[in-house]
Amino acid sequence: MAITSDPEVGVNPKPGDTEAEIEGTADAGDGEEADNDETEEEEEEEEPSASGREKFNRALIRLSEGPVRIRVHDVIIRGNGKTKKALIEAEVLDAFRSASSMQELLRAAGLANARLRQLDIFESVTIVLDSGSSELPNTANVIIDIVEVKNPLSGDLVVYTKPEPLELVVHIVNQARYRSFEGSLKLKNLFGYGDIWDASGAYEFDGTSEISLGVSLPRFRIIPAPLTTRVLLLSQDWLKFSSYKEHLLGLSVGLISTRKHELTYNLTWCSLLDPSSIPSKSIRSQLGHSLLSSIRYSCKIDHRDSKVRPTRGYAFSSTSQIAGLGPDNRLIQFLRQDFDLRGAIPLGFYNAALNFGVTAGAVMPWAGFTNSSTPMCERFYMGSHSSPVCKLGGPASLFSFKQRGLGPTDMQRVISSKRIEDKDAASSGGDASGSIASQNRDAVGGDLAVTAFADLSFDLPLKVFRESGVHGHMFINVGNLIKVSEELANFPFHRFLDTFRSSAGVGIVIPTRLFRMEINYCYLLKQSEHDHGKTGIQFSLSTS
Amino acid sequence: MDDERVEDAQEIVLVARKGGFGLPTACPVCLPVYCYLRFAKVNFKLRIDRSNPDSDHIPYVEYGDYVALNNEKGGVLEILNEENIIQLDSELSKDCFSDWVSTKVMISTWLAEAVQYELWVACDSSIADYIYFSDLPWAIGKVLHWNQSRAVKQLHGITKLNVTEKEEEIYRKANLAYNALSAKLGNEEFFFEERPTSVDALFLAHAAFVINALPETSLLRSSLVKYANLTRFVETFKGDMLEASCSSSQTASPFEASSSSVPRTKKSKQSPKPKPKKRERTEEEKSFRRRAKYFIAAQVVSVLIFLTVLGGMGDFGVDDDDNDGLAYDD
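Bear in mind the structure is a predicted one, so any value in this text is a computation, not a measurement.

Draft legend 1. Fine view of the overall build of chain A. Within chain A, the secondary structure is distributed over ten helices and 24 strands. Scored against the burial criterion, the 544 residues of chain A give a buried share of 45%. Pairs at least 24 residues apart make up 60% of the contacts formed inside chain A by residues separated by at least 6 positions. Carbon together with sulfur atoms contributes 57% to the accessible area of chain A, which is approximately 26,300 Å² in total.

Draft legend 2. Region of the structure containing the side chain of Thr139(A). Residue and element names in this part refer to chain A. Here Thr-139 shows up in strand 4 (residues 139-148). There is a polar contact of 2.7 Å between the side chain of Thr-139 and the backbone oxygen of Leu-136. Contacts of Thr-139, omitting those with residues within four sequence positions, involve Ile-70, Arg-71, His-73, Ser-131, Gly-132 and Ser-133.

Draft legend 3. Region of interest: the environment of Ala151(B). Considering the arrangement of structural elements, one finds Ala151(B) in helix 6 (residues 138-155). Residues Ala151(B) and Trp120(B), 31 residues apart in the sequence, show an inter-C-alpha distance of 9.5 Å.

Draft legend 4. Broad picture of the packing of helix 7 (residues 163-185) of chain B against helix 10 (residues 228-242) of chain B. All names here are of chain B. Closest axis-to-axis distance for the helix 7/helix 10 pair is 8 Å, and the angle between their directions is 70°. The orientation of helix 7 with respect to helix 10, classified from their angle, is roughly perpendicular. Of the residues in helix 10, those touching helix 7 at Tyr-178, Leu-181, Ser-182 and Leu-185 are Asn-229, Leu-230, Arg-232 and Phe-233. Class assignment of the residues belonging to the contact of helix 7 with helix 10 gives a composition of five nonpolar, two polar and one charged.

Draft legend 5. Main features of the pairing of strand 3 (residues 60-63) of chain B. Residues and elements named next belong to chain B. Residues Tyr-60 and Glu-62 line one face of strand 3 and the alternating positions Val-61 and Tyr-63 line the opposite face, and both faces are buried. Sheet topology note: the strand 3/strand 4 (residues 66-68) ladder contains three bridges and is antiparallel. Pairing of Tyr-63 across the sheet is with Tyr-66, part of strand 4. What sits between strand 3 and strand 4 in their antiparallel hairpin is a turn of two residues, with Gly-64 showing a positive phi close to 70°.

Draft legend 6. Representation of the UniProt feature "domain: Metaxin glutathione S-transferase" (unreviewed entry) in chain B within the structure. As annotated by UniProt and renumbered to match this structure, "domain: Metaxin glutathione S-transferase" (unreviewed entry) occupies residues 175-235 of chain B. Between the first and last C-alpha atoms of residues 175-235 of chain B the distance is 20 Å; the span itself is 69% helix and 0% strand.

Draft legend 7. Molecular detail of unusual backbone geometry. Residue and element names in this part refer to chain B. For the bond from Ile-58 to Pro-59, the omega torsion is 10°, close enough to zero to count as cis. Along the chain, Pro-59 falls in the loop between strand 2 (44-48) and strand 3. Backbone geometry at Lys-73 places phi at a positive 45°, although glycine is not the residue there. Summarising the element assignment, Lys-73 is placed in the loop between strand 4 and helix 3 (76-82). By relative accessible area, Lys-73 is classed as partly exposed at 42%. Positive phi, close to 55°, is recorded for Glu-194, a residue that is not glycine. With respect to the helices and strands, the residue Glu-194 is situated in the loop between helix 7 and helix 8 (198-213).

The rules behind these values
- Sequence positions are assigned chain by chain, starting from 1 and proceeding in written order.
- Note on labels: chains are lettered from A, ligands numbered from 1, in written order.
- Only residues with pLDDT of 70 or above have their local features reported here, since the model is predicted, and side-chain atom pairs are shown and tallied only from 80 upward, although totals for entire chains, interfaces and linings are computed over all residues.
- Side-chain figures throughout are based on the complete set of non-hydrogen atoms in the structure, without hydrogens or water.
- A run of DSSP states H or I qualifies as a helix once it reaches four residues; a run of E qualifies as a strand once it reaches two. Both are numbered from the N-terminal end.
- When a residue's accessible area, from a 1.4 Å probe over protein chains only, is under 20% of the maximum for its type it is buried; when over 50% it is exposed; and in between it is partly exposed.
- Residues count as neighbours in contact if any of their non-hydrogen atoms are within 4.5 Å of one another.
- The Shrake-Rupley method, run with a 1.4 Å probe sphere, supplies the accessible areas, and residue values consider only the shown protein chains as cover.
- Each polar contact in these results corresponds to two N or O atoms within 3.5 Å; when the atoms are within protein, one needs to be able to donate a hydrogen and the other to accept it, and residues that are neighboring in sequence are counted only if both atoms are side-chain atoms.
- What counts as an axis is a line fitted to C-alpha atoms, over the stretch in contact for a helix, and the angles between N-to-C directions run from 0 to 180 degrees.
- With respect to orientation, any angle under 35 degrees is reported as roughly parallel, any angle over 145 as roughly antiparallel, any angle of 65 to 115 as roughly perpendicular, and every other angle as oblique.
- Ten residue types, Ala, Val, Leu, Ile, Met, Phe, Trp, Tyr, Cys and Pro, are classed as nonpolar, four, Asp, Glu, Lys and Arg, as charged, and the remainder, Gly among them, as polar.
- Strands were regarded as paired on the criterion that DSSP finds at least two bridges between them.
- UniProt positions are given in the numbering used here, feature names are shortened, and annotations may be inferred rather than shown by experiment.

What follows is the structure, encoded as structure tokens:
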């Protein structure tokens, strides 16, 4: 039987080999009858293809009747010029050796095919199940033909136009667009261990830039888990929101990476800079260098029927992070925990569904927590227009609020009137009225964040919208973000409940293959004194 | 800026780098500001910043909602003077103004350059490490130290080829400056008009650092101690200005960096931080640190159990319900 790498083909036995592989022993106890059957089957191998098809059909019927006992005698790998044989064997041997029937063997072949394709280093993978030697009855040989990629180097360059949330307030239309450039290079299987090397860079006009280099191995020595290592240089500009710039130089090692579990070690040098000289006292006290050595474990379970428009199921995510691992007690030390719970219930009309979710996160220093605060780069910041429906991303999104638009703030530095006059005189155009500069505030983040939402999605009446997946939704969301590390002993529970922000709205969702686009009218229900919330039309893009 | 703003209850806070070598702040850039405030007899608090060794905005002075950063408009002292916060140099007579300016420039350039050279090039790295990097993780400290040394060399045009000539020039200027200052001071208590000015603050800070922090083999230190009146000047005010108790609040860095490590070199004077504060912190955090270690150990053990015993590695990336389009008929 030949199993190609094309997932649409499925499993198709070769007609010529049908008798040898499939019509083996039907039962475990019929040893002699199986031998006789095999002899007859060998004589029939040369029948024309028409009868071969009949045999194939009979074989399928036979397979559906019950287990056909067979075992794998040998696994032959061909075509691996560069790829180490041990790598391929490690991916497939266990599955084949555990197969004791034809049905299990077919399943194992499919599994092996998928695993080898997942390595992402082969052009094609073909698995043939051949009959074993005549001296060894009830056996099969597995032949794996691989075609390695001819050109291991690939790359792409993408220019995104990511519109800033479109805010249409009654009188003013304000639209800002940020272009970003992203490029990546990938080198596959350089050393034959399934290693994939990649380099990527991204730049956005708001000042954020990122360069990263990474290598991933499908397995490392005896540990079967994929191992990824990444070196990252990231520069983020938070001048507009918090009056500082952030530079991160980090090493990330993915120790465990499965669909549900992920364990990562991070070593990051974090530098907070102040090129503007206007940050608040809270920000000023956080400027400088720090080293983060942490382990992060995340568990994600997503049993929703769709990641773009879920109508049924639930999802749960938990992320734990411990920082300060190392002999040096000058490392950043904190504990961080995020929970994310989503649910979707179908309502049975107009394809409507009720999505709801709650997200919570807390971070606190674990050494000297009574008289120290959490590092700025690890705090929670809330306020963005990305939809909370799809992504399990922690407590960050709240419609109607700008990025870092809610939560604790601190007043920026006051500049004296005399220096304003001098500055205006030097720039020869300013207002030398002698007034003190208007006082903006810096978002300083918080230690405890909670958000919750409810979203009712429904089909739109027009057929063209229904066919393209465009649908409408109504939502309400609430959230709060506070600092607690300095007042843990007297946690202001009532104040925390009283200061929840909320917004509601209605909109249209346009799902695409890559992301979910929404055009919403958001109405701000409640905000606190220094928040940046606004009622109006907002545009958002979110990925799952 | 109104004077009443200072006279108000708004406190003045000086944020500077850590102390050591018998000095409230061992950084030669921060110490002049400290001395200036002390000479002006202003009540202020000293707050230590431990995570910004390479930033030029330190030292800075917070007075209420206002801040005077060192990287703006001539530095903290200039801003304090111009904003009428603290004016030590007010009412300086016109006769000595030019002399005062040239003396101040000489201290701010020639002597400051000499101290920079000693700290980052000539002496071993232990002094600079202690002052600037002892509260940062080792790796960051090493990288920043190397970067700062390179920057100082670039600033002064020092290369491997001309290091000897540059060194001679720097020490020659420093000697000239000491000679001039000694002549100017004579037997007086202060340099100008028998009262403290910013020149006194600048020189006291410079001389106190050179005598206390630099090793005895330092050429700069040897040059300074040859002038008895300059040494007497330091000894006279060191007790009042630098060793008198001053209130110091919590550190500016929120990460509670470890207590300062004592420099390793035997030639350097050592001045550990006050021990009682350290003992209190240890008593408070002992049990919590123990619990934290148990917690981390439990996390590591659980991960190891997951890796070995539970055997969840069998179907990496491919689950039976994986929607990859391959269908099997049982």
